[in-house]
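Breakdown of the fold
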Amino acid sequence: MKLDRLDHLVLTVRNIETTCTYYANVLGMEVVTFENGRKALSFGSQRINLHEAGKEFEPKAYRPTPGSADLCFTTTVRIGEVVNHLELSKVRILEGPVKRTGALGSMISVYFRDPDLNLIEVSNYEDLKKGPAVSKVVRSSDLHLG
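First, a word on what this report is: a plain description of the structure on this page. (Residues numbered from 1 in each chain as written. Predicted model: local features only at pLDDT ≥ 70, side-chain atom pairs only at ≥ 80, totals over all residues. Heavy atoms only, no water.)

The strand order 1-4-3-2 describes an open sheet built from four strands, whose pairing is mixed. Every interior strand has two partners, whereas the edge strands, strand 1 (8-13) and strand 2 (30-34), have only one. Going across the sheet, the axis of each strand differs from the next one's by a mean of 30°, ignoring polarity. The pairing of strand 1 with strand 4 (residues 46-52) spans six bridges and is classified as parallel. Directly across from leucine 9, in strand 4, lies its bridge partner isoleucine 48. Lying on the sheet, helix 1 (residues 16-27) is in contact with strand 1, strand 2, strand 3 (38-43) and strand 4; it crosses strand 3 at an angle near 15°. (Pairing = 2+ DSSP bridges. Helix = DSSP H or I, 4+ residues; strand = E, 2+ residues; numbered from the N terminus. Axes fitted to C-alpha atoms, helices over the stretch in contact; angles between N-to-C directions. Contact = heavy atoms within 4.5 Å.)

Put into structure tokens, the structure is as follows:
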């Protein structure tokens, strides 16, 4: 067997509408409605299907739990612009920008949490190729948001 790509994943959340609003406004994902009114978040050629905790569709993960995911998304937007957007969106940055290693090599990342407290990482591979991408490492304790 040879796998090609990840088509979709399922995220179990406390409130589907809250999740849809957050991911659309903060991460720019498109909210999609499909079979029987189910909701998904679409970006690029991938999708995140949403299950509400306690109302999951079968088959499901063995222990579907809100807040148990650790997801990394890549962007071509400069990481400084990502930080500015997060600050304007009143999102508390936990760490970053910091250098990390992803599936394709070195990248610059910023970390924060979604409404269910899943860890979200947004990364940019190109910033490292364009020269000094980070002049200061930002930690959540350095930020005074809101």
